[in-house]
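Structural overview for review
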Amino acid sequence: MREKKRRFLVIGLTLYMLIFSGCAAPGRPEPPEQEEQDEAKIQIGITFDSFLIERWQRDRDVFVSAAQELGAEVNVQNANGSMDEQIKQIDYFISKKMDVIVIICVAMNPEEMVGAVEKAHRAGIPVIAYDRLIPGADVDLYISFDNEEVGRLMAHHMQKHLGYEGTLLQVCGPLEDNNVSLVMGGFAEILGRNTLHIDQTEYAEGWLSETGFTATSAYLAEHDPPDGIMCGNDSIAGQAIRALSERRLAGSVCVVGQDADLDACQRIVEGTQCMTVYKPVEKLARRAAELAVAMADEEAMIVFTEIKNDGIYDVPYENLAPEAVTKENMDEVITGKYHEESDIYLNVRR
């Protein structure tokens, strides 16, 4: 196994953060000129799969803001769904001698990213896999939400809403995205305890949201309406509901998704979507920024209390808990915290 730039130990960040942000001691020399300060700033490169999914824009903004607060500079790149482009962006980060590289891996063929991660490691640059694990890459940190719990929350809601009997349609994301199989596994774990039945499963390649419409339309053309539709995210759910609306079925089928997109929250209070899973991306992005800055300090020691196997290696792992959102707890969880009340209830009289 390769020798990493340094070993990240299982201890707390608190001391590091206090040292990093501490006040200057009395008699300390005047700070260097601004130009020298800029050159000394920690440099973080972050490459996104794309910004087609609403939440990635929020992740970007919070990550950049948090890193800047900690004195780092962030170079943001957008791969627009292209693995080739993302690999080029990582090569660019390496050539620019970034201190840390953060990757939101393109969902298609993630195994192609292994060589790029190895190249970064040979250059002595730690790599963080953000939200999506990169199989076989032996990254220095994988930070995400508990994706199996996302699936469990979806299944628990359907079980509560539908009871223990019914037929379900699944329209999931692409299987190349490691998170998809985790969500499906959590969903199946709960369904295995009752007689809710998954009649058909479709996959949205490249997270193409229109798959929700085509898959739902095709199912309705050949079957009675399902009792529920489990969707890989809220964009897919919106398209599934569009197909239901064309047949005047919107609101009569339990549709669930994830990400708490604004339009999904609107559909929930309007009654056409049953539930979404809220993943507090602000906390995830801020924590990832803190860890990226800490990793850039060769003297820092960081706590990783869990590991996740990437198919070959056990890698340090941090995860945050997701939360189910329905009409009943919308104001408690989302309103004024993630979306504004006037936007959520735009089409509903209160």
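Residues numbered from 1 in each chain as written. Predicted model: local features only at pLDDT ≥ 70, side-chain atom pairs only at ≥ 80, totals over all residues. Heavy atoms only, no water.

**As for the overall build of the chain**
Heads up, the condition is: Going along the chain from the N terminus, every DSSP run of H or I of four or more residues is numbered as a helix, and every run of E of two or more is numbered as a strand. Residues count as neighbours in contact if any of their non-hydrogen atoms are within 4.5 Å of one another.
Along its length, the chain carries 13 helices and 13 strands. When contacts within the chain are restricted to residue pairs at least 6 apart in sequence, long-range pairs at least 24 apart make up 75% of them.

**Notes on the packing of aromatic side chains**
Rules: Put simply, two rings from Phe, Tyr or Trp (the six-membered ring, in Trp's case) pair if the centres are within 6.5 Å, and we call them stacked under 30 degrees between planes, edge-to-face over 60, tilted for the rest. Each residue is assigned to one of three classes by its accessible area relative to the maximum for its type, calculated with a 1.4 Å probe on protein chains only: buried under 20%, partly exposed between the two thresholds, exposed over 50%. Geometrically, a lysine NZ or arginine CZ counts as sitting over a ring once it is within 6 Å of the ring centre and also within 35 degrees of the ring normal.
Tallying each qualifying case throughout the model produces five aromatic pairs. With 5.0 Å between their ring centres and 10° between their planes, Tyr142 and Tyr317 make a pair best called stacked. Linking Tyr142 in strand β5 (residues 141-145) with Tyr317 in strand β12 (residues 314-320), this pair joins segments that are 175 residues apart in sequence. On the accessibility criterion, Tyr142 (1% relative accessible area) is buried. Accessibility expressed as a relative area gives 6% for Tyr317, which makes it buried. Of the aromatic side chains, those joined through ring pairs into one cluster are Phe48, Phe51 and Trp56. Positioned over the ring face of Tyr338 is Arg58, at 3.9 Å from the centre of the ring. Above the plane of the ring of Phe213 lies Arg242, whose end atom (NZ or CZ) is 3.8 Å from the centre.

**Regarding the pattern of salt bridges**
Going by this rule: When a carboxyl oxygen of Asp or Glu is within 4 Å of a side-chain nitrogen of Lys or Arg, the pair counts as a salt bridge.
Scanning all chains against the criterion turns up 16 salt bridges. As a salt-bridge pair, Arg58 and Glu282 come within 3.2 Å of each other at their nearest N and O atoms. Of this pair, Arg58 sits in helix α3 (residues 54-69) while Glu282 sits in helix α11 (residues 281-296); the two residues are 224 residues apart in sequence, bridging distant segments of the chain. A relative accessible area of 23% places Glu282 in the partly exposed class. The salt bridge involving Asp91 is made with Lys119; its shortest N-O contact spans 3.3 Å. Of the two residues, Asp91 sits in helix α4 (residues 83-95) while Lys119 sits in helix α5 (residues 114-122), which places them 28 residues apart along the sequence. Classification of Lys119 by relative accessible area gives partly exposed; the value is 37%. Bridged by salt links that share partners, the residues Glu148, Glu149, Arg152 and Glu189 form one connected network.

**Considerations on the pairing of strand β2 (residues 72-78)**
Where we set the bar: The criterion for strand pairing is that DSSP finds at least two bridges linking the strands in question. Consider the strands pointing away from the viewer: the crossover is right-handed when the path from the first strand over the helix to the second runs clockwise.
In this sheet, β2 lies alongside strand β1 (residues 42-48) in parallel orientation, the contact comprising seven bridges. Each bridged residue has a counterpart across the sheet, and for Ile46 the counterpart in β2 is Val76. At this point the chain moves from β1, through α3, to the parallel β2, and the crossover so formed is right-handed.

**A look at the environment of Glu189**
Cut-off, in case you're wondering: Under this definition, polar contacts are N or O atom pairs within 3.5 Å; protein pairs additionally need one hydrogen-donor-capable and one acceptor-capable atom, and for neighbouring residues in sequence, both atoms have to be side-chain atoms.
With respect to the helices and strands, Glu189 occurs in helix α7 (residues 178-191). Look at Glu189 and you get partly exposed, because its relative accessible area is 36%. Sequence-wise, Glu189 and Gly151 are 38 residues apart; in three dimensions their C-alpha atoms are separated by 8.5 Å. A distance of 3.1 Å separates the side chain of Glu189 from the side chain of Arg152, its partner in a polar contact.

**So, the nonpolar core**
Just so we agree on the cut-off: Definition of nonpolar core: a set of buried residues of the types Ala, Val, Leu, Ile, Met, Phe, Trp, Tyr and Cys, connected through side-chain atoms within 4.5 Å.
Counting 88 residues, the largest nonpolar core has Ile44, Phe63 and Ile334 as its most contacted members. Top contributing element to this core by residue count: α11, with eleven residues. Membership of the second largest hydrophobic core comes to 25 residues, among which are Ala79, Met83, Val114 and Tyr142.

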